[in-house]
Amino acid sequence: GRGRSYSGQTRQRDEETAVREEEKALPADVRLLTELQGHSKKITAIAFEPTSQQVYTASFDGTVRTWSSVTGEAVTCVEVGGEVDSMLLAGGFLFVGFHKGTEGIIKVWNMATGSDHILTGHKGGINCLAIAGTALVSGGQDHSLRVWNFNQQAGIFMSQAIITKEDGGHSSCIIAITVLGPYMFTTDFDGTILVWDLTAGKVTQSLTCAHDGPIMQLLVYESHMLSAGIDGVIKVWEVLSSPAPGMVLKPEPDFVFDKDKSEEGPRRAKLQRPGILAMAGTSDPAGTPILMVSYNGEKCVRLFELPSFSSRGYLVPVEMARTLASVSTTGTVMMTGDQNGAVRIFAWQPTLLAS
C-alpha cells in the first residue's frame, strides 16, 4: 500500500512539473504583442472600441484607462470614484459599474458628446452589464437585476424595473448576463441559471444547481450555451431550435468538460479542482473556434479547441486572469487582464509547416 501511494504521488508531482514546464512557453502559433502597464490592482474588464481603435481597461484600482491598439501607448486615465467591477461598450455608450462603500453606481459616458451621468440604486458591487434590446441590464451583489431605458428627451438612462427574488429573480449575488435573440440568461453565486423571455419580461426557465457554486461566465457557441463555474467545470447546454415556454435550454448538459479529469484522473480531480475565473471565445487564423479559460491559482490562460476541448497550449505569463477578451481587427488578438493589474495582448502568427 505504501509503495503504491508513494509511486502515485511521485507520478503526480512529475505530471505537475511537466505542466509547469509547458506553461512557460507560448504555442508556436501565438506571440505576445505587448503588455499594457499602468493599473495597480486586478483587471475586471477589457473592451475594444473599433472607431478609435482603442482598448479600454477597467480595474479595482478605481480607474478606466484607454490605450492605442496600434502603439500600445496609454491615451487616457479616468478615476471613476470606486473599485470597478464591470464595464460595457455598446450603442455609442461606455458603461462602468463600480462600488463605493456599500453603494453600487453605474457611470455612463455618451461617446459622441462626451457627456456623462450616473445611475444609482444597487447596493454593493455591480458584477455584470448587458444590453437587452434597447435597455441596459445590470446585475448586482445585492441579488437584483435592474433595467434602465434611454430617455431620448433627457438624453440619459433612467430606471425602468428592479427585479428581485420576490419578482422571480435570483436569491443570491448575480454574476453573469448573456443575451441571445429574444432570451436573456443570468447566473448567480448559488449555481443557478435563469432564462428570461425578453418579450414577456419574465423568467421562462430555471436551472437550479446547474453548477456546484458560482457560475462565472456564459458564452454562446453555435447552437449551445457554455457555462463555466468555480466548481472547475465547463458545461455545454443545447439551445433548443424550437424553444417552448420553460424549455429554452435542454435541462441536462450535452457535455461536461473537466480538465483535471482529462489530465490526471478522477481521484485527483475530485480532491483538488481549481475554479474557473474567466472564459472567452476566439478563433485561430484557420477559423477554428478556440476557448480561452483562466483557472484559479494558475499562471497561464489555457486554450482549448472546440468542439473537442483538445489543448492548444497556454498564454503565458498571465497570473490568474480575471477577464479575457478577443478582438478581430487586421487579425484576431487575445487580451488578458490579470490579478496584478497587467494587461497583455497576444496575436496568432503563421507557423512553418513541414512540406
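No experiment lies behind these values; they were computed from the predicted model shown. (Residues numbered from 1 in each chain as written. Predicted model: local features only at pLDDT ≥ 70, side-chain atom pairs only at ≥ 80, totals over all residues. Heavy atoms only, no water.)

## Remarks on the nonpolar core
Let me state the cut-off plainly: Among buried residues, those of type Ala, Val, Leu, Ile, Met, Phe, Trp, Tyr and Cys that are joined through side-chain atoms within 4.5 Å constitute a nonpolar core. Only protein chains enter the accessibility calculation, which uses a 1.4 Å probe; a residue is then buried when its area is under 20% of its type maximum, exposed when over 50%, and partly exposed in between. By definition, any uninterrupted DSSP run of H or I lasting at least four residues is a helix, any uninterrupted run of E lasting at least two residues is a strand, and each is numbered from the N terminus. Residue contacts follow a heavy-atom distance rule, with two residues in contact if any of their heavy atoms lie within 4.5 Å.
Ranked by internal contacts, the top residues of the largest apolar core, which has 15 residues, are Leu226, Ile234, Met279, Leu291, Val293, Phe304 and Phe309. Among the secondary structure elements, those contributing two or more residues to this core are β18 (215-221), β19 (224-229), β20 (234-244), β23 (276-283) and β24 (289-295). When residues of this core are assigned to their parent elements, the largest contribution, three residues, is made by β24. Ignoring anything within four residues of it in the chain, the contact list for Phe309 reads Ile234, Val236, Phe255, Phe257, Leu291 and Phe304.

## Side note on unusual backbone geometry
Cis rather than trans, the peptide bond between Leu306 and Pro307 has omega equal to 5 degrees. Along the chain, Pro307 turns up in the loop between β25 (301-305) and β26 (310-315). A cis amide bond links Val316 to the next residue, Pro317, at an omega of -10 degrees. Residue placement: Pro317 occurs in the loop between β26 and β27 (323-328). A positive phi is found at Cys209, a non-glycine position, where the angle reads about 55 degrees. Assignment of secondary structure puts Cys209 in the loop between β17 (202-207) and β18. Residues other than glycine seldom take positive phi values, yet Glu222 does so here, at roughly 50 degrees. Mapping Glu222 onto the fold places it in the loop between β18 and β19. A relative accessible area of 64% means that Glu222 is categorised as exposed.

## Some details on the environment of Trp109
Position of Trp109 among the secondary structure elements: in strand β8 (residues 103-110). Given the relative accessible area of 16%, Trp109 is considered buried. Distance from Trp109 to Gly92, taken between C-alpha atoms, is 8.6 Å for residues 17 residues apart in sequence. For Trp109, the contacting residues outside a window of four places in its chain are Val78, Val80, Gly92, Phe93, Leu94, Val96, Gly114, Ser115 and Asp116.

## Digging into the confidence of the model for the protein
This is how it is decided: Along the chain, pLDDT gives the predictor's confidence residue by residue, from 0 to 100.
With 88% of its residues at a pLDDT of 70 or more, the protein shows a mean pLDDT of 89. Averaged pLDDT values over the elements of the protein bottom out at 42 in helix α1 (residues 2-23) and peak at 98 in strand β15 (residues 183-188). Low pLDDT, under 50, characterises residues 1-18; the stretch is placed with four contacts to residues that sit more than four places away or in other chains. Low pLDDT, under 50, characterises residues 265-270; the stretch is placed with seven contacts to residues that sit more than four places away or in other chains.

## Examining the side chain of Asp258
Inclusion rule: Within 3.5 Å is the distance limit for a polar contact, defined as a pair of N or O atoms, with the added protein rule that one can donate a hydrogen and the other accept it, and that residues adjacent in sequence qualify only through two side-chain atoms.
In this structure, Asp258 sits in the loop between β22 (255-257) and α2 (259-264). For Asp258, a relative accessible area of 7% puts it in the buried group. Only 2.8 Å separates the side chain of Asp258 from the side chain of Arg273, close enough to count as a polar contact.

## Considering the packing of aromatic side chains
Rules: Each pair of aromatic rings taken from Phe, Tyr and Trp, with Trp reduced to its six-membered ring, is defined by centres within 6.5 Å and is described as stacked if the planes are under 30 degrees apart, edge-to-face if over 60, and tilted in the remaining cases. Definition used: whenever NZ (Lys) or CZ (Arg) falls within 6 Å of the ring centre and also within 35 degrees of the ring normal, the charge is taken to sit over that ring.
In this structure the tally under the stated criterion is nine aromatic pairs. Where Phe93 meets Phe150, the ring centres are 5.3 Å apart and the plane angle is 55 degrees; that geometry is what we call tilted. Taken together, the residues span a long stretch of sequence, with Phe93 in strand β7 (residues 93-100) and Phe150 in strand β12 (residues 145-151) at a distance of 57 residues. Their ring planes at 80 degrees and their centres at 5.3 Å tell us that Phe95 and Phe157 sit as a pair that is edge-to-face. Of this pair, Phe95 sits in strand β7 while Phe157 is found in strand β13 (residues 156-163), placing the two residues 62 residues apart along the sequence. Residue classification places Phe95 among the buried positions, given a relative accessible area of 0%. Under the relative-accessibility criterion, Phe157 is labelled buried at 5%. Pairwise contacts between aromatic rings join Phe93, Phe95, Phe150 and Phe157 into one cluster. Over the ring of Tyr295 we find Lys259, and its NZ or CZ is 4.7 Å from the ring centre.

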